[in-house]
Amino acid sequence: MKKIGLFGGTFDPIHNGHLHIARAFADELALDMVVFLPAGNPYHKTEHTRTDAQHRLAMTELAVGHNPRFAVSDCDIIRKGATYTFDTVQIFRQQFPSAQLWWLLGSDSLLKLHTWKKWQTLVSHTHIAVAAREGDNIAQAPRELHGWIGSALQNGSLHLLQTPMYNLSSTEIRHKIRAGQSVTGLIDPQVENYIARNHLYR
């Protein structure tokens, strides 16, 4: 059975912390492929701080291009209106009906999972892998999630990654670029060149 990991994010910009956790995701779960899913442009006009989706898609493609296990999908970019994880998973379920799908979440998102659209249906249609952020603990999960977490850990449909996340954020990288500081070693060199060529985050 093919095992496919889905990794959604703003990727503004994609950095080495994202790549590090994606490799851990692929290794620990023996995934055939990890698909990066850059988020679309905000559909609310008031929220205009995100870099245009086409730039974020291009940077993600550059960053993952060297790894044969990584791929990029624009499915969350080309959809109109609000994009929900539940709908994204349905699209991949239709494309790969016999595959085992895994959705990668940060532990901060896991603690809010019960507020997501159709979350109970979502977790019945995909397995969930959780990347731990410093200071987060699954024991902090709200009681709405307790029953599902207990049974999902037992039946293997919830996996807590052993590899810790890098303490690195896209916000930090944008601040460094704006301040004229070096980001060498924090992002892929091709992404660094792309940012400079397109005058992003200035």
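Computed from a predicted structure; not experimentally measured.

## Digging into the overall build of the protein chain
Part 1 of the reasoning: Of the regular secondary structure elements, the protein chain holds nine helices and six strands.
Part 2 of the reasoning: For 202 residues, the compact-globule formula gives about 17 Å, and the C-alpha radius of gyration of the protein chain, at 17 Å, lands near that figure.
Part 3 of the reasoning: Overall, the C-alpha framework of the protein chain stretches about 50 × 35 × 35 Å when taken along its three principal axes.
Part 4 of the reasoning: Expressed as a percentage of its 202 residues, the buried residues of the protein chain come to 45%.
Part 5 of the reasoning: In the protein chain, the proportion of contacts linking residues at least 24 apart, taken out of those at least 6 apart, comes to 73%.
Part 6 of the reasoning: Carbon and sulfur atoms make up 50% of the accessible area of the protein chain, which totals about 10,500 Å².
Part 7 of the reasoning: Within the protein chain, one finds 20 positive and 17 negative side-chain charges whose respective centroids are separated by 4 Å.

## Some remarks on the nonpolar core
Part 1 of the reasoning: One finds Ile-14, Phe-25, Val-34 and Phe-36 to be the most contacted residues of the largest nonpolar core, which totals 32 residues.
Part 2 of the reasoning: With six residues, helix H1 (residues 16–29) is the single largest residue contributor to this core.
Part 3 of the reasoning: Contact partners of Phe-36, with chain neighbours within four places excluded, come to Phe-7, Phe-11, Ile-14, Leu-19, Ala-22, Thr-60, Val-64, Phe-70, Ala-71, Val-72 and Ser-73.
Part 4 of the reasoning: Counting residues in each nonpolar core, the second largest holds 27 residues, with Cys-75, Ile-128, Ala-141 and Ala-152 among its members.

## Some words on the side chain of Asn-16
Part 1 of the reasoning: Topologically, Asn-16 is positioned in helix H1.
Part 2 of the reasoning: Discounting residues that sit within four places of it in the chain, Asn-16 has contacts with Tyr-166, Leu-168, Gly-185, Leu-186, Ile-187 and Asp-188.

Each value, and the rule that gives it
Residues numbered from 1 in each chain as written. Predicted model: local features only at pLDDT ≥ 70, side-chain atom pairs only at ≥ 80, totals over all residues. Heavy atoms only, no water. Helix = DSSP H or I, 4+ residues; strand = E, 2+ residues; numbered from the N terminus. Rg over C-alpha atoms; globule rule 2.2 N^0.38 Å. Buried < 20%, exposed > 50% of the residue type's maximum accessible area, 1.4 Å probe, protein only. Contact = heavy atoms within 4.5 Å. Areas by Shrake-Rupley, 256 points an atom, 1.4 Å probe, with all protein chains shown as cover. Lys, Arg positive; Asp, Glu negative; His and termini not counted. Charge placed at Lys NZ, Arg CZ, Asp CG, Glu CD. Core = buried A, V, L, I, M, F, W, Y, C linked by side-chain atoms within 4.5 Å.

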